[in-house]
Amino acid sequence: MFEQRKHETTTASAIGTLELIYVSTVRSIRKGHSAGGLGLLANILQTVVLIGIFFFMFSLLGLRGSAIRGDFMLYVMSGVFLYITHIKTVGGVFSSDGPTSPMMRHAPMNTIVAIVSAAIGQLYLQLLSIFVILFIYHAAVTPITIHQPIGALFCVIMAWFSGAAVGVVFLAARPWAAGLVSTVKTVYMRANMLASGKMFVANSLPFFMLPFFTWNPLFHIIDQARGYTFLNYNPHFTTLSYPIIVSLVLIMVGLMGDFFTRKHASLSWSAR
């Protein structure tokens, strides 16, 4: 009743929101570790381990001949980088603060800020991890050349954006059935171990097998990324327009679901 209200301009409000997103992004990066450097190191180690697993699996099974002509390790990394970026973003956005979180009791905070902060935090970690690993491989092992680096970087951004879109949908549904949605998310992330196509390229698949993979936006993104990375590969069965459209639709559905959830949120949900 006696509270003095401050009338902010649009510019001041936008600056305040950006500052809040920045602070929340730092918090999301340090959520699992006391220092941001430890989180980055852990992410790099996870990515390197996964690259090593796929490298030795290809070597043991004699599948190196089916890869694109060029640097075989770069072929493996081009798939693993985008896969890790996608699933980490799905998990990061899904784990962000929901409408019943204690953080939402602070006036400037809202779920949109939490979602954007979690997504930006994952983008920061994944891009930095990719650049560090590529630099070390280029400097210590063998020089590498990326055919179209801008296009390859855009595919990394698309893997992140599509992961954020999927994560928003899962986040919006989480308060209604936390256990079921968490299981579906885990199944989705596990299914992408194969369905993402990081172990093969679309041009090498028999025609009857393509429908099992072309539904997945990440499959299109990884295949297109290899077209930008390697001079000797030209994707014929994938496109970037499909993941862009699907991601935009999922973002809209997820945000509408989040708005509906906030209208019906109950503090008792946090006890589930």
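Residues numbered from 1 in each chain as written. Predicted model: local features only at pLDDT ≥ 70, side-chain atom pairs only at ≥ 80, totals over all residues. Heavy atoms only, no water.

A. Local environment of the overall build of the chain. Secondary structure summary: the chain contains eight helices and zero strands in total. If you list the helices and strands of the chain from N to C, you get α-α-α-α-α-α-α-α. Taken over 272 residues, the chain has a buried fraction of 45%. Looking at the chain alone, contacts between residues at least 24 apart form 75% of all its contacts between residues at least 6 apart. Carbon together with sulfur atoms contributes 69% to the accessible area of the chain, which is approximately 14700 Å² in total. (Helix = DSSP H or I, 4+ residues; strand = E, 2+ residues; numbered from the N terminus. Buried < 20%, exposed > 50% of the residue type's maximum accessible area, 1.4 Å probe, protein only. Contact = heavy atoms within 4.5 Å. Areas by Shrake-Rupley, 256 points an atom, 1.4 Å probe, with all protein chains shown as cover.)

B. Here's a closer look at the nonpolar core. In this structure, Tyr75, Met77, Phe81 and Leu82 are the most contacted members of the largest nonpolar core, which totals 63 residues. Broken down by secondary-structure element, the contributors of at least two residues to this core are helix H2 (36-61), helix H3 (72-94), helix H4 (111-140), helix H5 (149-173), helix H6 (178-195) and helix H7 (217-229). At 15 residues, H3 tops the list of elements feeding residues into this core. With near-sequence residues (within four places) excluded, Phe81 lies in contact with Thr47, Ile51, Ile130, Ile133 and Leu134. (Core = buried A, V, L, I, M, F, W, Y, C linked by side-chain atoms within 4.5 Å.)

C. Region of interest: the layout of surface pockets. Put simply, the second largest pocket is a space of about 280 Å³. Considering the residues around the second largest pocket, the lining is formed by 16 residues, among which Ile130, Leu134, Ile146, Ala152 and Val156 are closest to the centre. Of all elements in the fold, only H3, H4, H5 and H7 reach the threshold of two or more residues within the lining of the second largest pocket. At five residues, the largest contribution of residues to the lining of the second largest pocket is made by H5. (1 Å grid on protein atoms, 1.4 Å probe; cavity = no way out; pocket = protein on both sides within 12 Å on 5 of 7 lines; lining within 4 Å. Points joined across faces, edges and corners; volume = space filled by probe spheres on them.)

D. Structural context of empty space enclosed by the protein. Tallying each qualifying case throughout the model produces three cavities of 30 Å³ or more. There is about 40 Å³ of room inside the second largest cavity. What lines the second largest cavity is His86, Ser162, Val166, Tyr188, Asn216, Pro217, Leu218, Val246, Ser247 and Leu250. At the level of elements, H5, H7 and helix H8 (241-263) are the ones that each hand at least two residues to the lining of the second largest cavity. The greatest single-element share of the lining of the second largest cavity, amounting to three residues, is contributed by H8.

E. Geometry of the packing of H3 against H4. The contact between H3 and H4 brings their axes to 9 Å, and the two run at 160°. In terms of their interaxial angle, H3 and H4 are classed as roughly antiparallel. The two elements H3 and H4 meet at a crossing, and its hand is right-handed. Between H3 and H4, the contacting residues are Met73, Leu74, Met77, Phe81, Ile84, Thr85, Lys88, Thr89, Gly92 and Val93 on the first element and Ile115, Ala118, Ala119, Gln122, Gln126, Ile130, Ile133, Leu134 and Tyr137 on the second. Here the residues of the contact of H3 with H4 are counted per class, giving 13 nonpolar, five polar and one charged. (Axes fitted to C-alpha atoms, helices over the stretch in contact; angles between N-to-C directions. Parallel < 35°, antiparallel > 145°, perpendicular 65-115°, else oblique. Left-handed = near helix turned anticlockwise from the far one by under 90°. Nonpolar A, V, L, I, M, F, W, Y, C, P; charged D, E, K, R; others polar.)

F. Molecular detail of the packing of H3 against H7. With their axes 10 Å apart at the nearest point, H3 and H7 run at an angle of 145° to one another. Regarding H3 and H7, the two cross each other, and that crossing is right-handed. Touching Leu74, Tyr75, Ser78, Gly79, Leu82, Tyr83 and His86 of H3 are Leu218, Ile221, Ile222, Ala225, Arg226 and Thr229, all from H7. For the contact of H3 with H7, the residue count by class is eight nonpolar, four polar and one charged.

G. Representation of a nonpolar patch on the surface in the model. Together, Ile245, Val249, Met252, Val253 and Met256 give the surface a local cluster of nonpolar side chains, amounting to about 490 Å² of exposed area. Within the fold, Ile245 resides in helix H8. (Patch = residues over 30% accessible without salt bridge, like charges linked within 9 Å, V, L, I, M, F, W, Y side chains within 5 Å. Salt bridge = Lys/Arg side-chain N within 4 Å of Asp/Glu carboxyl O.)

H. Expanded view of the environment of Val23. Inspection of the secondary structure puts Val23 in helix H1 (residues 10-29). Val23 gets classed as exposed once you look at its relative accessible area, which sits at 52%. Spatially, the C-alpha atoms of Val23 and Ser117 are 8.3 Å apart, while their sequence positions differ by 94 residues.

I. Structural view of the packing of aromatic side chains. The full count for this structure, using the stated rule, is seven aromatic pairs. Judged by centre distance (5.6 Å) and plane angle (85°), the rings of Phe55 and Phe56 are edge-to-face. Seen from their ring centres, Phe55 and Phe72 are 5.5 Å apart, and the 50° between their planes marks the pair as tilted. With Phe55 in helix H2 and Phe72 in helix H3, the pair connects residues that are 17 residues apart, well separated along the chain. Of the two residues examined, Phe55 and Phe72, each falls in the buried class. Members of the aromatic cluster, joined through ring pairs, are Phe55, Phe56, Phe72 and Tyr75. Over the ring of Tyr75 we find Arg226; its NZ or CZ atom is 4.1 Å from the centre of that ring. (Phe/Tyr/Trp six-rings, centres within 6.5 Å; stacked < 30°, edge-to-face > 60°. Lys NZ or Arg CZ within 6 Å of the ring centre and 35° of its normal.)

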